Amino acid sequence: MNSEIPPEDSLIEYPSDFPIKVMGKTNPDFAQTLTAVVLEFDPGFDPATIEMRPSKAGNYLGLTFTVRATSREQLDALYRALHAHPMVSIVL
């Protein structure tokens, strides 16, 4: 079964600003390291726009990257890269 979604059936219009939430254990290099990953897929990304939310106990950090999505392929590749990163627990 082919799971590809034809562009005409996509719920996202390209290009558009698209938020990606990432969570991982608190680490002083977490935001900087993942920003480098995001920049590989969205060279115009502005790190000043990252939203950071520490967990209540401070053990985890949630980041929201609002990227400029130019295609489904770009978003899929970015999700795969973030999900595969050893510092990342969850990508939403």
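Conventions and cut-offs
- Residues numbered from 1 in each chain as written.
- Predicted model: local features only at pLDDT ≥ 70, side-chain atom pairs only at ≥ 80, totals over all residues.
- Heavy atoms only, no water.
- Core = buried A, V, L, I, M, F, W, Y, C linked by side-chain atoms within 4.5 Å.
- Buried < 20%, exposed > 50% of the residue type's maximum accessible area, 1.4 Å probe, protein only.
- Helix = DSSP H or I, 4+ residues; strand = E, 2+ residues; numbered from the N terminus.
- Contact = heavy atoms within 4.5 Å.
- Expected span 1.5 Å × (residues − 1).
- Arc of directions from axis to C-beta.
- Pairing = 2+ DSSP bridges.
- Axes fitted to C-alpha atoms, helices over the stretch in contact; angles between N-to-C directions.
- Salt bridge = Lys/Arg side-chain N within 4 Å of Asp/Glu carboxyl O.

Quick word on the nonpolar core
Here comes step 1: One finds Ile-20, Val-22, Leu-34, Leu-63, Phe-65, Val-67 and Leu-82 to be the most contacted residues of the largest nonpolar core, which totals 19 residues.
Here comes step 2: Sorting the residues of this core by element identifies strand 1 (16–25), helix 1 (30–41), strand 3 (60–69) and helix 2 (72–84) as the ones contributing at least two each.
Here comes step 3: With sequence-adjacent residues up to four places away left out, Val-22 is seen in contact with Phe-30, Leu-34, Leu-61, Gly-62, Leu-63, Phe-65, Leu-82, Val-88 and Ile-90.

Here we look at unusual backbone geometry
Here comes step 1: Here Tyr-14 and Pro-15 are connected by a cis peptide whose omega angle stands at -10°.
Here comes step 2: Within the secondary structure, Pro-15 sits in the segment before strand 1.

Some thoughts on helix 2
Here comes step 1: An ideal rise of 1.5 Å per residue puts 18 Å on 13 residues; helix 2 measures up with 18 Å between its terminal C-alpha atoms.
Here comes step 2: For helix 2, the full list of buried residues reads Gln-74, Leu-75, Leu-78 and Leu-82. The buried side chains of helix 2 occupy one side of the element, clustering within an arc of 95° when seen end-on. The outward face of helix 2, more than 90 degrees from its buried face, is lined by the exposed residues Glu-73, Arg-80, His-83 and Ala-84.

Considering the sheet that holds strand 3
Here comes step 1: Across the sheet, 4 strands lie side by side as 2-3-1-4; this open sheet has antiparallel pairing. Because the sheet does not close on itself, it has two edges, and the strands there are strand 2 (51–54) and strand 4 (90–91).
Here comes step 2: Judged from the 10 bridges that link them, strand 1 and strand 3 form a sheet pairing that is antiparallel. Looking at strand 3, one finds that Lys-21 is bridged to Thr-64.
Here comes step 3: Across the sheet, helix 2 touches strand 1, strand 3 and strand 4, and the angle it forms with strand 1 is around 10°.

What to know about the pattern of salt bridges
Here comes step 1: A complete count under the given rule lists 3 salt bridges for this structure.
Here comes step 2: A salt bridge links Arg-68 to Asp-17; the shortest N-O distance between them is 3.1 Å. Of the two residues, Arg-68 sits in strand 3 while Asp-17 sits in strand 1, which places them 51 residues apart along the sequence.
Here comes step 3: Classification of Asp-17 by relative accessible area gives exposed; the value is 52%.

Remarks on the side chain of Thr-64
Here comes step 1: Along the chain, Thr-64 falls in strand 3.
Here comes step 2: The buried category is assigned to Thr-64, whose relative accessible area is 5%.
Here comes step 3: Setting aside residues up to four positions removed in sequence, Thr-64 forms contacts with Pro-19, Ile-20, Lys-21, Thr-49, Ile-50, Glu-51 and Arg-53.

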